[in-house]
Amino acid sequence: MIRRFSLLLVACWTVCCASRASAQQRAVPAPAPARIDPVAAELLRTNPTSPSNILRVINSLIALREPAAAAGLVQKLNEMPLDDAAMNQLFQEFGSAAFMTISRQPELQPAAKQFADKAFTAINRYARDPQRLAELIDQLKTDSLPRRAEAIGQLRLGGDAAVRALLDALADPSRSAERAAIEDAIVAFDTTALPLLASIVQNPQSPLTVEAVKLLGRLNNPEADLYLFGPVFASGY
């Protein structure tokens, strides 16, 4: 009898403690929803859908120090099937700094870095695309100096691939009328053009040896003198 009474007391005590713990749990207030800058909230309400507008809103949210609010937009942008031309369009509009800024936000990982990596790979591939380089070289024959300067600026993004394409065009007899414009474009590459021009100078069999010597002389680079006068010094003169 006594044992049964003891068990009853233990059961009552257990139920009482459980009820008290449950009540305490219910009494804990829910965390308040995160509040963001009113301007940031208004930007989110615009619900951008185009890649350009999405990237613009993301950059604005980061500038407002609300990078976490851009997480959904970054994920949305990262999932878009953008081709090389579309990525390059974003690069032309926003510059590389915008992509770098996004990729460095801890709150936006891993989607932000994934998108930035894809973007830079696509931009580089687009800039070095042989067909695009050929189109830009064709634009050098325009009489418009601003358009020619723009073409040279785009060509420079192609790095050594663009220099090779320009040298091939320079060696084409059918493009003799464009020679001056092509040479000006090569000179604009300066350091990037130096190794390729030097290799031509060092190859006596190259049909562009004379042109390469002239171009090295026009480069604003002291290292070019080593290739121009090196053979003279080596010969003992």
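Residues numbered from 1 in each chain as written. Predicted model: local features only at pLDDT ≥ 70, side-chain atom pairs only at ≥ 80, totals over all residues. Heavy atoms only, no water.

Chemist: What exactly am I supposed to notice about the nonpolar core here?
Modeler: Most often, soluble globular proteins keep nonpolar side chains buried together rather than apart. Leu140, Leu155, Leu166, Leu167, Ile186 and Leu197 are the most contacted members of the largest nonpolar core, which has 33 residues in total. The set of elements that each furnish at least two residues to this core consists of helix H8 (130-138), helix H9 (145-156), helix H10 (159-170), helix H11 (179-189), helix H12 (194-201) and helix H13 (209-218). Examining the composition of this core, we find that eight residues originate from one element, H10, more than from any other. Setting aside chain neighbours within four positions, we find Leu140 in contact with Arg148, Ala151, Ile152, Leu155, Leu166, Ala181, Ile182 and Ala185. Judged by nonpolar contacts, the second largest core, of 24 residues, contains Ile58, Leu90, Leu108 and Ala111. (Core = buried A, V, L, I, M, F, W, Y, C linked by side-chain atoms within 4.5 Å. Buried < 20%, exposed > 50% of the residue type's maximum accessible area, 1.4 Å probe, protein only. Helix = DSSP H or I, 4+ residues; strand = E, 2+ residues; numbered from the N terminus. Contact = heavy atoms within 4.5 Å.)

Chemist: Can you walk me through the packing of aromatic side chains in this structure?
Modeler: Note on aromatic pairs: each is described by the distance of the centres and the angle between the planes. The tally for this structure, following the rule as stated, stands at two aromatic pairs. For the ring pair Phe99 and Phe115, a centre distance of 5.9 Å and an interplane angle of 25 degrees mean the geometry is stacked. Of the two residues, Phe99 sits in helix H6 (residues 96-103) while Phe115 sits in helix H7 (residues 111-127), which places them 16 residues apart along the sequence. A relative accessible area of 1% places Phe99 in the buried class. Given a relative accessible area of 3%, Phe115 falls into the buried group. What links up through ring pairs into an aromatic cluster is the set Phe99, Phe115 and Phe120. (Phe/Tyr/Trp six-rings, centres within 6.5 Å; stacked < 30°, edge-to-face > 60°.)

Chemist: Quick question: what am I supposed to make of the environment of Asp160 here?
Modeler: With respect to the secondary-structure elements, Asp160 resides in helix H10. A residue is classified by how much of its surface remains accessible, and Asp160, at 29% relative accessible area, is partly exposed. When the C-alpha positions of Asp160 and Phe189 are compared, they lie 8.8 Å apart, and in sequence the two are 29 residues distant. With residues up to four places along the chain from it excluded, the contact list for Asp160 reads Arg128, Thr192 and Leu196.

Chemist: Would you take a moment to explain the pattern of salt bridges for this structure?
Modeler: Proximity of charged atoms lets side chains of opposite charge pair with each other. Applying the stated criterion to the full structure yields 11 salt bridges. The partner of Arg128 in a salt bridge is Asp160, and the shortest N-O contact between them spans 2.8 Å. On the criterion of sequence distance, the pair formed by Arg128 in the loop between H7 and H8 and Asp160 in helix H10 is long-range, its members being 32 residues apart. On the basis of relative accessible area, Arg128 is assigned to the partly exposed category, the value being 32%. A salt bridge links Asp138 to Arg175; its shortest N-O distance comes to 2.8 Å. (Salt bridge = Lys/Arg side-chain N within 4 Å of Asp/Glu carboxyl O.)

Chemist: Would you explain H8 in this entry?
Modeler: Given 3.6 residues to a turn, an α-helix orients residues that are three or four positions apart in the same direction. For H8, the set of buried residues is Arg132, Leu133, Leu136 and Ile137. What you see down the axis of H8 is that its buried residues fit within an arc of 140 degrees, all on one side. Summarising the geometry of H8, the exposed residues directed more than 90 degrees from the buried face are Pro130 and Gln131. On the buried face of H8, the contacting elements are helix H5 (84-94), H7, H9 and H10. (Arc of directions from axis to C-beta.)

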